[in-house]
2 protein chains.
Amino acid sequence: MRWDLPEADMPTTWFNVVPHLEGPLEPPLHPVTREPVGPDDLAPLFPMALIAQEVTGEPYVEIPGEVLDVLRLWRPTPLVRATRLEAALGTPARIYYKDESVSPPGSHKPNTAVPQAFYNKSEGIGRLTTETGAGQWGSALSFASALFGLECKVYMVRASYEQKPYRRVLMETWGGNVVASPIDDPGHPGSLGTAISDAVREAASRADTHYSLGSVLNHVLLHQTVIGQEAKAQLRLAGEERPDLVVGCCGGGSNLGGISLPFVPDRDVRLMAVEPTSCPTLTGGRFEYDFGDTAGFAPLLPMYTLGHDFVPPPIHAGGLRYHGDAPIISALVRSGRMEALAYPQSKTFEAAVTWARTQGTVPAPETGHAIRAVIDEALAAKEEGAERVILFNYSGHGLLDLSAYDSYLHGQLVD
Amino acid sequence: MRWDLPEADMPTTWFNVVPHLEGPLEPPLHPVTREPVGPDDLAPLFPMALIAQEVTGEPYVEIPGEVLDVLRLWRPTPLVRATRLEAALGTPARIYYKDESVSPPGSHKPNTAVPQAFYNKSEGIGRLTTETGAGQWGSALSFASALFGLECKVYMVRASYEQKPYRRVLMETWGGNVVASPIDDPGHPGSLGTAISDAVREAASRADTHYSLGSVLNHVLLHQTVIGQEAKAQLRLAGEERPDLVVGCCGGGSNLGGISLPFVPDRDVRLMAVEPTSCPTLTGGRFEYDFGDTAGFAPLLPMYTLGHDFVPPPIHAGGLRYHGDAPIISALVRSGRMEALAYPQSKTFEAAVTWARTQGTVPAPETGHAIRAVIDEALAAKEEGAERVILFNYSGHGLLDLSAYDSYLHGQLVD
């Protein structure tokens, strides 16, 4: 069963969670001076509209018409009830998922790539640089850049560049210029840290070029709130007053923020972050100021972190391999408003294959983490004989991650 | 702009075009006796329900509720107006596409895989065999088999099995058992012909096993007519009385049949088949009785054919590499009701990349053929200053065909 929101009912504002947090967010600090960062510090990298959104206290922010026009290529996304999974589990829980995999790049990422491209274009910028690991974010920004006529240069972690050629080709199909990082050391396998450094350095050195980030920052999570706002309206169409539990996987926190932030004011709705045990930022990290990148170019953010030099093992859920978390997500977990738990990857692939064989679609390895938690919560509901409404974000499809499924299905996956 | 058909308005019957053809279809002939094939000849391979659908003269055939339940996982599919492509072309034509890429296997193929799995299950069959070339059909049948609890064995052309591991993994994720064909000659690269032979031989030799075909046959095209029926209703929602032109790419003819057959009775609607110049069955073949397979196990069908021993060059649009065409499509072309034209693959990739950079999604190489024709028709409308309503079938996405885009983008594609 599926609830399609009429195009006319698509949200026209983004929901700002900041006024709903228990206290104000602590500001990012300059990497050299350790003083709070001001607009002037960020202006070489970001358009003023995004800098303003980063610190706004307004409860809602209007979505520009040009952005809505592009979002309508795939939004509103469907809300679907996973009745076949429910039946297979024999659970009294009602499981709903918001299907963000239907976007052209196959994930939630274009929800922020599109406004970022738009605001840069509006302020006269002709080129964007960014980094990408497994490639979901680079794909989304290449896509958005194509639609707004921007050049897009993607620094891709060299190991991924060489091992995952299809993500590179996808970016190139949209006209993206993809290069392996670090550019100055062809023997180095690269990391998200080196790629951020390459992308930031180029943006800072060229007046026609800005930098774009796909997670962590407040404005990124703001843009993703179309997900949760749509889901709220669709749950009402489905006859549900509210969910008991909202679940999302968490790397930097953008898809989790997207589905969960609009539910923060609904105090009786549980919110849950799911992360890998191999990169347990929320469940095993410390809350402190840390650099956003490995090289220490980026501002220090108040967040849960494993240390900016933490190197996570090469799990297949590349989008969850970040040493920190969005300050907004960190604040929610720290205040107790949001729960966090972690799973080893074999358990998440087991859940993902169960999903594929009942619901029919193949989830991204990242999304498999959310599905694992949803299955366990649905089984707990069965144990308790409790009806329960569970909503989760189906953040992306796994069609470009099939080599990971190959490893799992043939017993070659290591936890 | 997108028109979502309410779930309640999904078609509950398949549309049978046979009563609307100019004359009766000539029957298939037995490969050995050359006599018309009867139900008893087909019973070892197909369930009786499908054999009956193959020859029915009823104007509509009811879709079983259990089939509708599964189709609802992704149907009704969206009808979308390609306004960004229109703007890029500067055409007065209004271009609509029916998006069949949203199914879990990523193409129109499950529209028939699901009822085929259902009818076999209903008649006590526990296993299906089939062949697959590039893998779209094998994916669809593995998917459908998983949902109905059937075993599925896919004979995959060895060259594809070795060069396209991701399609194999996708089938395995749904529980499909994929083996390289020919099974008895590991040094042979295989062909659709050898794979059909392997699959038919196994089905014929085991009482618990049937064979399943993904195109060409009447019942397959019948199942695909949900596409065109939905599109008709959605065009009315969009305020269009009727299309001037309906376009589909054509290999065996199943996606083309799906979008176009419900428009056959509307005499002023042009219907157009688009095929590759390297496998020009409709534009360069002869209409005659020929074997459905290379080995001569399958019945002889009255169709346009290049000869059952024709070996098409290894173009990337694997789904269009079939030596013949569905008898229904052949009859429509022969009577003049349907047009046919052919393109070399470089022209189709050029169109596909234009599409990706305007509309945002990456089409399957097969679908690129339809897009090429649509662009040329839209440019012709511009030349003539004529408003024109063009409908085409976006039969599948290209996310598992990115190596083909890699070749095109880097100048390595040979026509």
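Asker: Explain the overall build of chain A to me, please; I cannot follow it from the model alone.
Answerer: The secondary structure content of chain A amounts to 17 helices and 15 strands. Rg of the C-alpha trace for chain A: 20 Å, near the compact-globule value of 22 Å for 415 residues, within the 12% margin. When its C-alpha atoms are laid out on the principal axes, chain A stretches across 60 × 50 × 40 Å. Among the 415 residues that make up chain A, the fraction classed as buried is 64%. Taking the intrachain contacts of chain A between residues at least 6 apart in sequence as the baseline, contacts between residues at least 24 apart amount to 76%. For chain A, the exposed surface amounts to about 13,900 Å²; the carbon and sulfur share of it is 51%.

Asker: Before we go on, may I ask you to explain the sheet that holds strand S7 (residues 151–157) of chain B in this structure?
Answerer: Neighbouring strands of a sheet are bound in pairs by backbone hydrogen bonds; such pairs are parallel or else antiparallel. All names here are of chain B. With parallel pairing, four strands are arranged side by side in an open sheet as S8-S7-S6-S9. Every interior strand has two partners, whereas the edge strands, strand S8 (177–181) and strand S9 (209–211), have only one. Between one strand axis and the next, the sheet turns by 25 degrees as a mean value, whatever way the strands run. For strand S6 (residues 127–132) and S7, the ladder comprises six bridges, and the chain directions are parallel. Residue pairing across strands places threonine 130 opposite valine 154, the latter belonging to S7. Sheet contacts for helix H6 (residues 136–148): S6 and S7; angle to S6, the most-contacted strand, approximately 165 degrees.

Asker: Where do I start with the relation of the copies chain A and chain B in this structure?
Answerer: Turning one copy of the chain about an axis and sliding it along that axis gives the other copy, so a rotation and a shift relate them. It takes a turn of 180 degrees to lay chain A on chain B, together with a shift of 0.0 Å along the axis; the resulting RMSD is 0.0 Å. These values place the two chain copies in the arrangement generated by a two-fold rotation axis. By residue overlap, the copies meet face to face through one surface: 100% of the interface positions of chain A are interface positions in chain B.

Asker: Whenever I open this one, the packing of aromatic side chains confuses me. Can you help?
Answerer: The description of an aromatic ring pair uses the distance of the two centres, along with the angle that the planes make with each other. For the structure shown, the criterion picks out 31 aromatic pairs over all chains. Aromatic side chains Trp74(A) and Phe143(A) sit 5.8 Å apart centroid to centroid with 70 degrees between the ring planes, which places their arrangement in the edge-to-face category. Within this pair, whereas Trp74(A) is found in the loop between helix H3 (65–71) and strand S4 (79–81), its partner Phe143(A) is found in helix H6 (residues 136–148), the two being separated by 69 residues in sequence. Here Trp74(A) matches Phe143(A) in class, with each residue buried. Taken together, a centroid distance of 5.6 Å and an interplanar angle of 85 degrees make the contact between Trp355(B) and Phe392(B) edge-to-face. Of this pair, Trp355(B) sits in helix H15 (residues 345–358) while Phe392(B) is found in strand S15 (residues 388–394), placing the two residues 37 residues apart along the sequence. Per residue, the accessibility class of Trp355(B) equals that of Phe392(B), and both read buried. Here a set of aromatic residues connected by ring pairs shows up, and it is made of Tyr97(A), Trp355(A), Phe392(A) and Tyr394(A).

Asker: Which parts of the structure should I look at to understand the side chain of Arg158(A)?
Answerer: Residues and elements named next belong to chain A. By the secondary structure assignment, arginine 158 is in helix H7 (residues 158–163). Buried charge without a salt bridge: arginine 158, with glutamate 162 as the nearest opposite-charge side chain at an N-O distance of 4.1 Å. Beyond its immediate sequence surroundings of up to four residues, arginine 158 is in contact with Ala180, Ser181, Pro182, Asp185, Pro186, His188, Pro189 and Gly190.

Asker: Looking at this structure, how should I read empty space enclosed by the protein?
Answerer: Using a probe with the size of a water molecule, rolled over the atoms, empty space left in the structure can be pinpointed. Scanning the entire structure with this criterion turns up three cavities of 30 Å³ or more. Around the largest cavity, the lining is made up of 40 residues, and of these Ser101(A), Val102(A), Asp99(B), Ser101(B) and Val102(B) lie nearest the centre. For the second largest cavity, the calculated volume is near 60 Å³. Lining the second largest cavity we find 13 residues, and of these Asn16(B), Val18(B), Asn218(B), Leu222(B) and Ile328(B) sit closest to its centre. Elements represented by at least two residues in the lining of the second largest cavity include exactly helix H2 (48–55) and helix H10 (218–224) of chain B. The residue inventory of the lining of the second largest cavity, partitioned by class, reads seven nonpolar, five polar and one charged.

Asker: Would you mind showing me how to read the interface of chain A and chain B here?
Answerer: A common way to report how large an interface is uses the accessible area buried once the components associate. Every contact between the two is made by 40 residues of chain A and, on the other side, 40 residues of chain B. Broken down residue by residue, the surface that chain A buries against chain B is led by Arg2(A), Tyr166(A) and Thr173(A), which jointly contribute 18%. One can count two salt bridges joining chain A with chain B. Across the salt bridge formed by Arg168(A) and Asp406(B), the nearest N and O atoms sit 3.3 Å from each other. Taken together, the links from chain A to chain B amount to 17 residue pairs in polar contact (both at pLDDT 80 or more). Of all elements in the fold, only H3, H6, helix H8 (165–173), helix H15 (345–358) and helix H17 (402–409) of chain A reach the threshold of two or more residues within the side of chain A that touches chain B. At six residues, the largest contribution of residues to the side of chain A that touches chain B is made by H8(A). Across the side of chain A that touches chain B, the residue classes break down as 21 nonpolar, nine polar and ten charged.

Asker: Can you help me understand the pairing of S6(B) in this one?
Answerer: Working note: regular strand, side chains alternate between the two faces of the sheet. Residue and element names in this part refer to chain B. Most of S6 is tucked away, with six of its six residues classed as buried. Between the parallel pair S6 and S7, the chain is carried across by H6, and the sense of this crossover is right-handed. Pairing of S6 with S9, which is carried by three bridges, proceeds in the parallel orientation. Bridging from a neighbouring strand, leucine 128 pairs with histidine 210 of S9.

Asker: Any chance you could explain H15(B) here in plain terms?
Answerer: What sets the pattern is the α-helix's 3.6 residues per turn: residues three or four places apart point alike. All names here are of chain B. The first and last C-alpha atoms of H15 sit 20 Å apart over 14 residues, in line with the 20 Å expected at 1.5 Å per residue. Taken together, the buried positions of H15 are occupied by Gln345, Thr348, Phe349, Ala351, Ala352, Val353, Trp355, Ala356 and Thr358. At the C-terminal side of H15, glycine 360 shows a positive phi close to 100 degrees.

Asker: Looking at this structure, I do not really get the sheet that holds strand S11 (residues 270–276) of chain A. What am I missing?
Answerer: Residue and element names in this part refer to chain A. Taking strand neighbours across the sheet as the criterion, the seven strands line up as S1-S4-S5-S15-S10-S11-S14 in an open arrangement whose pairing is mixed. If you trace the sheet from one side to the other, it starts and ends with strand S1 (2–3) and strand S14 (338–343), each paired once. Note: strand S10 (residues 245–249) against S11, five bridges, orientation parallel. Paired with cysteine 249 across the bridge in S11 is valine 274. Sheet strands touched by H15: strand S5 (93–99), S14 and strand S15 (388–394). Its angle to S14, the strand with the most contacts, is close to 95 degrees.

Asker: Got a minute to help me understand the packing of helix H5 (residues 110–122) of chain B against H6(B) in this structure?
Answerer: In a packed pair of helices, the relevant descriptors are the angle between the two axes and the axis-to-axis distance. Residues and elements named next belong to chain B. The geometry of H5 relative to H6 is characterised by a closest axis approach of 8 Å and an angle of 45 degrees between their N-to-C directions. Relative to H6, the element H5 lies oblique. Here H5 and H6 pass one another in a crossing that is right-handed. Of the residues in H6, those touching H5 at Pro110, Thr112, Ala113, Val114, Gln116, Ala117, Phe118 and Lys121 are Trp137, Ala140, Leu141, Phe143, Ala144, Ser145 and Phe148.

Asker: Could you clarify how one ought to interpret unusual backbone geometry in this entry?
Answerer: The bulk of non-glycine residues show a negative phi, and the bulk of peptide bonds are trans. A cis geometry characterises the amide bond from Arg75(B) onward to Pro76(B), with omega recorded as -10 degrees. As for its position among the elements, Pro76(B) is in the loop between helix H3 (65–71) and strand S4 (79–81). Note that the residue after Ser181(B), namely Pro182(B), is joined by a cis bond; omega there is 0 degrees. Residue position: Pro182(B) is located in the loop between S8 and helix H9 (192–205). Backbone geometry at Arg34(A) places phi at a positive 60 degrees, although glycine is not the residue there. With respect to the secondary-structure elements, Arg34(A) resides in the loop between strand S2 (13–15) and helix H1 (39–42). Classification of Arg34(A) by relative accessible area gives partly exposed; the value is 48%.

Calculation criteria
Residues numbered from 1 in each chain as written. Chains lettered and ligands numbered in written order. Predicted model: local features only at pLDDT ≥ 70, side-chain atom pairs only at ≥ 80, totals over all residues. Heavy atoms only, no water. Helix = DSSP H or I, 4+ residues; strand = E, 2+ residues; numbered from the N terminus. Rg over C-alpha atoms; globule rule 2.2 N^0.38 Å. Buried < 20%, exposed > 50% of the residue type's maximum accessible area, 1.4 Å probe, protein only. Contact = heavy atoms within 4.5 Å. Areas by Shrake-Rupley, 256 points an atom, 1.4 Å probe, with all protein chains shown as cover. Pairing = 2+ DSSP bridges. Axes fitted to C-alpha atoms, helices over the stretch in contact; angles between N-to-C directions. Least-squares fit on C-alpha atoms with pLDDT ≥ 70 in both. Phe/Tyr/Trp six-rings, centres within 6.5 Å; stacked < 30°, edge-to-face > 60°. Lys, Arg positive; Asp, Glu negative; His and termini not counted. Salt bridge = Lys/Arg side-chain N within 4 Å of Asp/Glu carboxyl O. 1 Å grid on protein atoms, 1.4 Å probe; cavity = no way out; pocket = protein on both sides within 12 Å on 5 of 7 lines; lining within 4 Å. Points joined across faces, edges and corners; volume = space filled by probe spheres on them. Nonpolar A, V, L, I, M, F, W, Y, C, P; charged D, E, K, R; others polar. Buried area = accessible area lost by both parts, 1.4 Å probe. Polar contact = N/O pair within 3.5 Å; in protein donor to acceptor, adjacent residues only side chain to side chain. Right-handed = clockwise from strand over helix to strand, strands pointing away. Expected span 1.5 Å × (residues − 1). Parallel < 35°, antiparallel > 145°, perpendicular 65-115°, else oblique. Left-handed = near helix turned anticlockwise from the far one by under 90°.

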